[in-house]
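# Architecture and fold: a report
What follows is each chain in one-letter form.
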Amino acid sequence: MSASLRVVGGQRVSDARQGVSPLGQILLENEWVDEDDLFAALSIQGRTGVRLGDLLVAHGWADRDAVAAALAQQTGLGFADLVHDPPDPTAARPEDLDTYLTHRIIPWRKVGKITAYACAEPERAAEALGALESGHGMAFIVVANPARIDAALLEQFGPDLAERAARLTPEDQSVRSLDTMRYGAGVVAALALVAAFIAPSALLLGAAATLLILNLATTVTRVLALVAGWRDERTAGQLIATQDAPVVLADRRPLPRLSVLIPLYREAEMIPRIVEALDATDYPRELLDVKLLLEADDGATREAAVSAGLPGWITALVMPDGAPRTKPRAMNLALDFCEGEVIGILDAEDRPAADQFREVARFLATAPAETACVQCQLSYFNVRENWVTRCFQIEYSIWFDVLLRGFQRLGLPIPLGGTSVYFRRRALEEARGWDAHNVTEDADLGMRLARAGLKTAVLRSVTEEEANCRIMPWIRQRSRWLKGYVLTWMSHMRAPGRLWCELGPVGFLGLNVLFVGGAVTYLAMPVFWIALGLTLFAGTSLFGAVLPGWAATVLGVSLALGQVVMLACAVVALKRRRMLDLLIVVPSLPVYWTMGAAAAWKAVIEVVAAPYYWDKTRHGISRCFGADAAVSADDRRSADDNEDSVT
């Protein structure tokens, strides 16, 4: 801000024009904007209709304090510097919090029955006061920097906002109310261990029957998905969102304001990289509203955000302390501070395609109203770093290029990914946000949207992110995913009759196969290897003592067939992604999936013992970030050991 900007508490700026001068003229006269920049902003405004102040801030041509002071001068109101003259916390009323958030307003001073409110948009002040002032006495308005108002609201109402965000999802739809089911699962597991000593044959028979049914169901579903995607590759569901006619129509419509949430925790080194990645996108800056979600106890990342000199279209929000400290709780809380009609989620290391935001907006402009969500595809920028990252890339290719394509064509509910996913704001709010206690809040939200009759579209736009390149962090990350899948399944199956009615038989069966079948596939990998070893080297069957010969053969064939189908999916996926050089890695995938068995058994234990524990994935450790991003082995180990997770 120019040194000539004078802040006089809640009094009017001394040379107020009583609203007669255009905002640009006031900024120019006070030397708060350059003349060429002002003309450029006015030119853009003529094409887009975006408010001049928002344009100037978004392009870095004026700062927020200068625009707020100019608005105060234009309207004859006072300007409040909330940094040097913060709001009086005793003036606020907790029961009015919703109105404060809706109208971006906060009580600043209170003297007797007269209250001064700091607002961001003077033109909406009358509406805000009408909602606030019934029986509260007299009021007047001062203008303040909108980012300062957001920060003041977070500071004053932090505990209330944290509690509300934690319980935004109704209790009967949240995993926080699953204690009875979880403990019941623990009892069943304990009884199974007892049965293993008392009646091992009966236990083995039950395990064989369960494994056979689930493995066949999962294999058949994958085959159907493979065939469905192959037969209708060009028009599978809504996957191809760039057909000529809709594009032409969408291009003629104004783009929506887009809010992007980026949760960060102990990731100070990632801030310059995510800013660089976002800066490479082509979405109009005046329509971008990016929120970096930082935690109150993460001083290093907060300092990095301050020192980064964030552009005007990126703001940092400091999440108040509270439990659970999870990504979905932070996103629920930030939702009240978003300005966009469309809400997107990115991870700290993501590199979205340059035109991704525009493609999402274009698609939603012509998509049916019941399309609530757009999921973009994911890939990795460190694919060829080592064997783990190569296998991870193949796995993602299978998921996005084969299975999701087929699932959508078959009408199955889509479990969302945690990044590069975009929502119509109204649909997200009607779904009551993310379950703050679910460690795979994305997959759960996909199911809740499907149960509400809403659809998810999967676009071909690709976001590159960092693949976990070390085995132990990979196991911890996969364990969190699998635990979340089990908890999500339990949450939705607490009322199976209602689930059947809402999803229909195909969706009901699909949900069970996706979540239970996926977890059991990992859990059964040791069984697969033991059975294969006994057959090849001992000439006997693992289940030969409890199953008829034909049944043991069917089970063995089904286990082998499941592996073959996934390998076939891998070949098809790599062909579609044009990564044929990775075909040499495909035969080793069963070994890679065996790593998932350790993660799956860890997840099963945590479902009972630590359901809300968030095993945080550390970003920025790949060699592909370059020498400047290198972290020593000791530093990495220390960071992993000290990672704060939620209990």
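Read on for an overview of the structure. In this text, all values refer to a predicted model and were calculated from it rather than measured experimentally.

What follows deals with the pairing of strand E8 (residues 342-345). Neither face of E8 is open: one carries Val342 and Gly344, the other Ile343 and Ile345, and all of them are buried. Of the strand pairs in this sheet, strand E5 (residues 258-263) and E8 are connected by four bridges, and their pairing is parallel. Of the residues in E8, the one forming a bridge with Leu261 is Ile345. One ladder, built from four bridges, connects E8 with strand E11 (residues 421-424); its direction is antiparallel. The residue of E11 that forms the bridge with Ile345 is Val421.

Volume-wise, the second largest pocket comes out at about 1100 Å³. Along the wall of the second largest pocket there are 36 residues; nearest its centre are Ala147, Arg148, Ala151, Val306 and Ala316. Per-class residue counts for the lining of the second largest pocket are 22 nonpolar, six polar and eight charged.

Where helix H18 (residues 441-451) contacts helix H20 (residues 496-523), the axes come no closer than 10 Å and their chain directions differ by 150°. When the axis of H18 is compared with that of H20, the two are roughly antiparallel. Handedness of the crossing formed by H18 with H20: right-handed. Here Ala443, Met447, Ala450 and Arg451 of H18 lie close against H20, whose contacting residues are Arg498, Leu499, Glu502, Leu503, Leu511 and Phe515. In terms of residue class, the contact of H18 with H20 is built from seven nonpolar, no polar and three charged.

Taken in spatial order, the four strands line up as E1-E4-E3-E2 in an open sheet, and their pairing is mixed. Only two strands of the sheet have a single neighbouring strand rather than two, namely strand E1 (78-79) and strand E2 (105-111). Examined bridge by bridge, E1 and strand E4 (residues 138-143) share two bridges and lie parallel to one another. Within E4, the residue paired with Phe79 across the bridge is Val143. Across the sheet, helix H7 (residues 146-156) touches E2 and strand E3 (114-119), and the angle it forms with E2 is around 70°.

With that settled, consider empty space enclosed by the protein. Tallying each qualifying case throughout the model produces five cavities of 30 Å³ or more. Approximately 50 Å³ is the volume attributed to the second largest cavity. When its residues are assigned to classes, the lining of the second largest cavity shows one nonpolar, three polar and six charged.

Ranked by size, the top nonpolar core spans 57 residues in total, and within it Ile262, Leu278, Val290, Phe357 and Tyr422 carry the most contacts. Looking at which element gives the most residues to this core, the answer is helix H4 (residues 64-75), with seven residues. Among all residues touching Tyr422, those that are not within four sequence positions of it are Leu258, Val342, Ile343, Gly344, Leu346, Gln356, Phe357, Val360, Ala372, Cys373, Val374 and Cys376.

Let's shift gears to the packing of aromatic side chains. Enumeration over the complete set of coordinates arrives at 15 aromatic pairs. Ring plane angle 25° and centroid distance 4.7 Å describe the contact between Tyr380 and Tyr396, whose orientation is recorded as stacked. With a gap of 16 residues between them, Tyr380 in strand E10 (residues 371-380) and Tyr396 in helix H16 (residues 387-410) connect regions that are remote in the sequence. What makes Tyr380 buried here is its relative accessible area of 3%.

Regular strands place their side chains on alternate faces of the sheet. In the sheet, E10 pairs with E11 via three bridges, with the strands oriented antiparallel. From the neighbouring strand, Cys373 faces E11, where its bridge partner is Phe423.

All right, on to the side chain of Thr301 then. With respect to the secondary-structure elements, Thr301 resides in helix H13 (residues 299-307). In this structure Thr301 touches Leu264, Arg266, Glu267, Ala268, Ile271 and Leu294, once residues within four positions along its chain are discounted.

With respect to the helices and strands, the residue Gln477 is situated in helix H19 (residues 471-492). Owing to a relative accessible area of 11%, Gln477 belongs among the buried residues under this scheme. In this structure Gln477 touches Phe392, Asn468 and Thr617, once residues within four positions along its chain are discounted.

What follows covers the sheet that holds E10. With respect to topology, eight strands assemble into an open sheet ordered E7-E6-E5-E8-E11-E10-E12-E9, the strand pairing being mixed. Of all strands in the sheet, those bounded by a partner on one side alone are strand E7 (314-319) and strand E9 (351-352). Across the face of the sheet, helix H14 (residues 327-335) comes into contact with E5, strand E6 (288-295), E7 and E8 while running at roughly 135° to E6. Helix-sheet contacts for H16 involve E10 and strand E12 (455-465), and the interaxial angle to E10 is about 150°.

Definitions and limits used
Residues numbered from 1 in each chain as written. Predicted model: local features only at pLDDT ≥ 70, side-chain atom pairs only at ≥ 80, totals over all residues. Heavy atoms only, no water. Buried < 20%, exposed > 50% of the residue type's maximum accessible area, 1.4 Å probe, protein only. Helix = DSSP H or I, 4+ residues; strand = E, 2+ residues; numbered from the N terminus. Pairing = 2+ DSSP bridges. 1 Å grid on protein atoms, 1.4 Å probe; cavity = no way out; pocket = protein on both sides within 12 Å on 5 of 7 lines; lining within 4 Å. Points joined across faces, edges and corners; volume = space filled by probe spheres on them. Nonpolar A, V, L, I, M, F, W, Y, C, P; charged D, E, K, R; others polar. Axes fitted to C-alpha atoms, helices over the stretch in contact; angles between N-to-C directions. Parallel < 35°, antiparallel > 145°, perpendicular 65-115°, else oblique. Left-handed = near helix turned anticlockwise from the far one by under 90°. Contact = heavy atoms within 4.5 Å. Core = buried A, V, L, I, M, F, W, Y, C linked by side-chain atoms within 4.5 Å. Phe/Tyr/Trp six-rings, centres within 6.5 Å; stacked < 30°, edge-to-face > 60°.

Fair warning: the whole summary comes from geometry, so function is off the table for now.
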